[in-house]
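Close look at the chain arrangement
Here is what each chain is made of, one letter per residue.
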Amino acid sequence: MTLRIDISGLPPERLRFAASPLAELTAMLHVLAEPGHHPKLAGWAADVWAGLRPELAERLREAEFLWRSSRADFLVPARPRPTLAEELDDVDRIDDETYVTAALITTCGSNRVHFTAPSPLTDTTARDRAMNLAQARGTLQETFAERLLADPAAVRARVRHTLEQCAEAFFDATWTRVAPQLAADLRMRRDLRQRHGIGAALASISDALTLTPDGDHLIVDKLQDDATTARHTGITFLPSVFGRPHLVAIHAPGRPPVVQYPVADADPPKPVTLETVTLRLEALAHPVRLRLLRTLARGPHTTGELAHAWELTPPEVSRHLAVLRRAGLLTTQRHGRHVRYSVNLPDLTALGADLLTAVLR
C-alpha cells in the first residue's frame, strides 16, 4: 500500500526542507499519547506527564485523537514559520470548513475517511454521518465532534490555548534543545539536493521513500492506497527528533503534500525492509521449520542430523532449510563434506523490533 505523489517537472527549489515548531510539538504530543511507540522517549514522556497541571493533562486527553493515530493536517504546516506563535496564527487564518473537515478526519478515525461537499457545518445529512462515525470511535470523539460542529470558533480557540499551554509547560524548553539537531539535518538535506539533485536528497530520508525510474513520482510506503500531486504546489519535508520511527505523509486538496521524517541518526543501523520482515514471518509460519529452528538453536546440525531427529527425508529438510536461508535466519559453515546449519540469532532476535519499526513507519 502506497501514497503516490506526482513530482514531474518539479524544480529542485520547490522541494522544500524546513523545520516546523508546530509539527514538532505535534510529534511530541503523539509521543505523550503513544509512549509505547517510542521506547527511547518513554522517560521524557513520563517526566512531562508528571509535571503537567491536571487541567492541561485533561485537555490533552480530550483531544489526543488529533495527533494519536493520524495527524490533523493543520498541525503539520506545509509552509513552516520560525515560531510556534506564527504557525498558530496561520492556523487561525484557515476557514472554518477546512479546519472542521481536517479535524473530523482524525476524530472519525482515519485519513481514509473523506468529507466532501456538502459540508457537515451546513448539511444535516453530512452532519449526521460525521456524528455517527465519531460516536463509533468513542465518547471523547463524539463529544469533540458535537462541540466542533456546534461552535467551531470556541473549539478552535480551545485547541490553540491548549497548544500554547504546552509551549509553556514543556515545548519551549525541549524545542531549544532539539532545534540544533533539526538545523543540522536540514543543512545536510539541502546540500544533497543542491549537489546531487532531488533523487539523492529523497533517498537519504528513508527506505520508505522511493522514486519511480522516470523520476516523475515519489512513492511513499504507507498504509494507504492514494495519489496526489506536488507539481503546482511543491512538497515540504519536515525533520523531526520526536517523530522517530514514524514517517508521516499528509496531503489534502489544495495544499502541498507534507512528509515529516525522523532526523538522521549519528550511527544509523542498517534498515530492514518490510519485504524482508514479511519473508521471515512467512518462513516461521510453517510448523516443520519451527521444529528445525528449535533444534538448531541448541547447536549446529547437518541436514542428515535434522532429518534423523525429526524423522523426515533429507530432501524435505533441505527444502525447509532453503526457505529459512533465503529469509536470512540461518548461517552455514562447511566442515569437509558436511555443511552445518546454525540459527542467525542476531537477526532472529531483532525480528520483533524490525517488525515494529516497519509497521510504525
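Just so you know, these numbers come straight off a predicted model, no measurement behind them.

1. Looking at the packing of helix H6 (residues 124-137) against helix H7 (residues 139-150)
Direction vectors running N to C along H6 and H7 enclose 155°, while the axes themselves pass 7 Å from each other. As summarised for this structure, H6 and H7 are arranged roughly antiparallel, according to the angle between their axes. Listed contacts from H7 to Arg127, Ala130, Met131, Ala134, Gln135 and Arg137 of H6 are Gln141, Glu142, Ala145, Glu146, Leu149 and Ala150. Split into classes, the residues belonging to the contact of H6 with H7 amount to six nonpolar, two polar and four charged.

2. Topic: the environment of Ala227
Considering the arrangement of structural elements, one finds Ala227 in strand S5 (residues 226-229). Along the backbone, Ala227 and Leu3 are 224 residues apart, and their C-alpha atoms lie at a distance of 5.5 Å. Setting aside residues no more than four positions away along its own chain, Ala227 makes contact with Leu3, Arg4 and His251.

3. As for the environment of Ala157
Tracing the chain through its elements places Ala157 in helix H8 (residues 152-196). Overall, the relative accessible area of 47% leaves Ala157 in the partly exposed class. Sequence separation between Ala157 and Asp92 is 65 residues; the distance between their C-alpha atoms is 8.7 Å.

4. Overview of the sheet that holds strand S7 (residues 248-252)
Taking strand neighbours across the sheet as the criterion, the four strands line up as S2-S6-S8-S7 in an open arrangement whose pairing is mixed. Each edge of the open sheet carries a strand with a single partner, namely strand S2 (15-17) and S7. For this sheet, the mean inter-axis angle between neighbouring strands, taken without regard to orientation, is 20°. The pairing of strand S6 (residues 235-240) with strand S8 (residues 255-262) spans five bridges and is parallel. In the sheet register, Leu238 faces S8, and the bridge partner there is Gln260. Packing against the sheet, helix H1 (residues 21-33) makes contact with S6 and S8, and its axis sits at approximately 50° to S6.

5. Structural notes on the pairing of strand S1 (residues 2-6)
The pairing of S1 with strand S4 (residues 217-221) spans five bridges and is classified as antiparallel. Considered in S4, the bridge of Leu3 is made with Val220. Pairing of S1 with S5, which is carried by four bridges, proceeds in the parallel orientation. Within the sheet, the bridge partner assigned to Arg4 lies in S5 and is Ala227.

6. With respect to the packing of H1 against helix H4 (residues 84-92)
Between H1 and H4, the least distance of the axes is 8 Å, while the angle of their chain directions is 90°. In terms of orientation, H1 and H4 fall into the roughly perpendicular class. Packed against H1, whose contacting residues are Pro21, Leu22, Ala23 and Leu25, the element H4 presents Leu84, Glu87, Leu88 and Val91 at the interface. Partitioning the contact of H1 with H4 into residue classes produces seven nonpolar, no polar and one charged.

7. A short note on the nonpolar core
The biggest cluster of nonpolar side chains holds 52 residues, and the ones touching the most others in it are Leu29, Trp44, Leu66, Phe144, Phe170 and Phe242. Contributing elements (two or more residues each) for this core: H1, helix H2 (42-51), helix H3 (54-62), H4, helix H5 (96-107), H6, H7 and H8. Broken down by element, this core gets its largest block of residues, ten residues, from H8. Setting aside anything within four residues of it in sequence, one finds Phe170 in contact with Leu25, Met28, Leu29, Leu32, Trp44, Val48 and Leu52. Membership of the second largest hydrophobic core comes to 23 residues, among which are Ile5, Val220, Leu247 and Tyr261.

Reading the values: rules and limits
- Residues numbered from 1 in each chain as written.
- Predicted model: local features only at pLDDT ≥ 70, side-chain atom pairs only at ≥ 80, totals over all residues.
- Heavy atoms only, no water.
- Axes fitted to C-alpha atoms, helices over the stretch in contact; angles between N-to-C directions.
- Helix = DSSP H or I, 4+ residues; strand = E, 2+ residues; numbered from the N terminus.
- Parallel < 35°, antiparallel > 145°, perpendicular 65-115°, else oblique.
- Contact = heavy atoms within 4.5 Å.
- Nonpolar A, V, L, I, M, F, W, Y, C, P; charged D, E, K, R; others polar.
- Buried < 20%, exposed > 50% of the residue type's maximum accessible area, 1.4 Å probe, protein only.
- Pairing = 2+ DSSP bridges.
- Core = buried A, V, L, I, M, F, W, Y, C linked by side-chain atoms within 4.5 Å.

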